[in-house]
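# Structure at a glance
If you want the building blocks of each chain, they are given just below.
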Amino acid sequence: MEKLEKIRKAYTDYVLENGTPPPSVFQFAKKLKISEADFYQEYTSFESIEADVWLAFFKQAQQTVEADPIYQTYSVREKLLAFYYTWVEVLKAQRSFVVFSYNQLRPSTTNLSPMAKARMGKPSARVLQLFKEAFYDYVRDLLAEGRESKEVEPRPFLSDRYADGLWTQTLFILHFWVNDVSKNFEKTDTAIEKSVNTAFDLIGRSPLDSLFDLAKFIYQNK
């Protein structure tokens, strides 16, 4: 096992066994029988380990779907559905850690007002940053493919925000799955299907686009 993977596994085992991150890098490295210098060659902090774990979840799901020849024949909508279903399956294999990490990302809101809770509703940007950057690269390619296939409608001022909307959708799916108590997380599958279909109904061509085109044509030819 390479050093990076060894550190990552030791960290996830520690937090699951103790319910908290290690007290210090020194103690963690000593328990792992490596030097602090060895640790810092791979990671700058425990937070950076968690960021790498979240990125690994994403990469595993992406590589799995893209290795399937059938995936290449899918529409863009179907590709995103396949990714989310696969990503959730990856998370299931590490659910205890995912739930722990996700809950750690969300500060206690016990004594906060509803407005303050809303402002703090999203997970820590730092821990999810690597995952977010990789996800944006992935969906931007999907959106470009969707524009070519006419599944995605280019719109002034809005097209640049499509990726942001899909990232918000990803956080919604994650939150839903973490809190899902249905058998085999069946409700999460439904949430994925409905949210993706809704997203593509919004970013695809709609009757409003046809109305806009007609109005533009009339204006240009009046």
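In what follows, the structure referred to is the one given above.
Residues numbered from 1 in each chain as written. Predicted model: local features only at pLDDT ≥ 70, side-chain atom pairs only at ≥ 80, totals over all residues. Heavy atoms only, no water.

A separate point is the overall build of the protein chain. Across its full length, the protein chain holds 11 helices and zero strands. When its helices and strands are written in sequence order, the protein chain yields α-α-α-α-α-α-α-α-α-α-α. Counting all 222 residues of the protein chain, 41% fall into the buried class. Sequence-distant contacts in the protein chain: of pairs separated by 6 or more residues, those separated by 24 or more amount to 69%. When the accessible surface of the protein chain is summed, it comes to about 13,300 Å², and 54% of that surface belongs to carbon and sulfur atoms. (Helix = DSSP H or I, 4+ residues; strand = E, 2+ residues; numbered from the N terminus. Buried < 20%, exposed > 50% of the residue type's maximum accessible area, 1.4 Å probe, protein only. Contact = heavy atoms within 4.5 Å. Areas by Shrake-Rupley, 256 points an atom, 1.4 Å probe, with all protein chains shown as cover.)

For the structure shown, the criterion picks out nine salt bridges. The salt bridge involving D38 is made with K3; its shortest N-O contact spans 3.9 Å. In this pair, D38 sits in helix α3 (residues 36-42) while K3 sits in helix α1 (residues 3-18), placing the two residues 35 residues apart along the sequence. Given a relative accessible area of 26%, D38 falls into the partly exposed group. Linking K92 and E89 is a salt bridge whose minimum nitrogen-to-oxygen distance equals 2.8 Å. With K92 and E89 both in helix α5 (residues 76-93) and three residues apart, the pair spans about one turn of that helix. For K92, a relative accessible area of 22% translates into the label partly exposed. (Salt bridge = Lys/Arg side-chain N within 4 Å of Asp/Glu carboxyl O.)

Okay, the side chain of D180 next. By the secondary structure assignment, D180 is in the loop between α9 (162-178) and α10 (186-203). Buried charge without a partner: D180 forms no salt bridge, and the closest opposite charge is K187, 6.1 Å away. The residues touching D180, leaving out its near neighbours within four places in the chain, are R95, F185, E186, K187 and T188. (Lys, Arg positive; Asp, Glu negative; His and termini not counted.)

With that settled, consider the side chain of Q62. Along the chain, Q62 turns up in helix α4 (residues 46-66). Not counting the four nearest positions on each side in its chain, Q62 is found in contact with F83 and Y138.

On to the environment of E47, then. Turning to its location among the elements, E47 is positioned in helix α4. Placed 79 residues apart in sequence, E47 and R126 show a C-alpha to C-alpha distance of 8.0 Å.

Counted at 1.5 Å a residue, the expected span for α4 with its 21 residues is 30 Å, and the 30 Å between its end C-alpha atoms agrees. The N-capping residue of α4, defined by a side-chain oxygen 3.4 Å from the backbone nitrogen of E47, is S45. (Expected span 1.5 Å × (residues − 1). Polar contact = N/O pair within 3.5 Å; in protein donor to acceptor, adjacent residues only side chain to side chain.)

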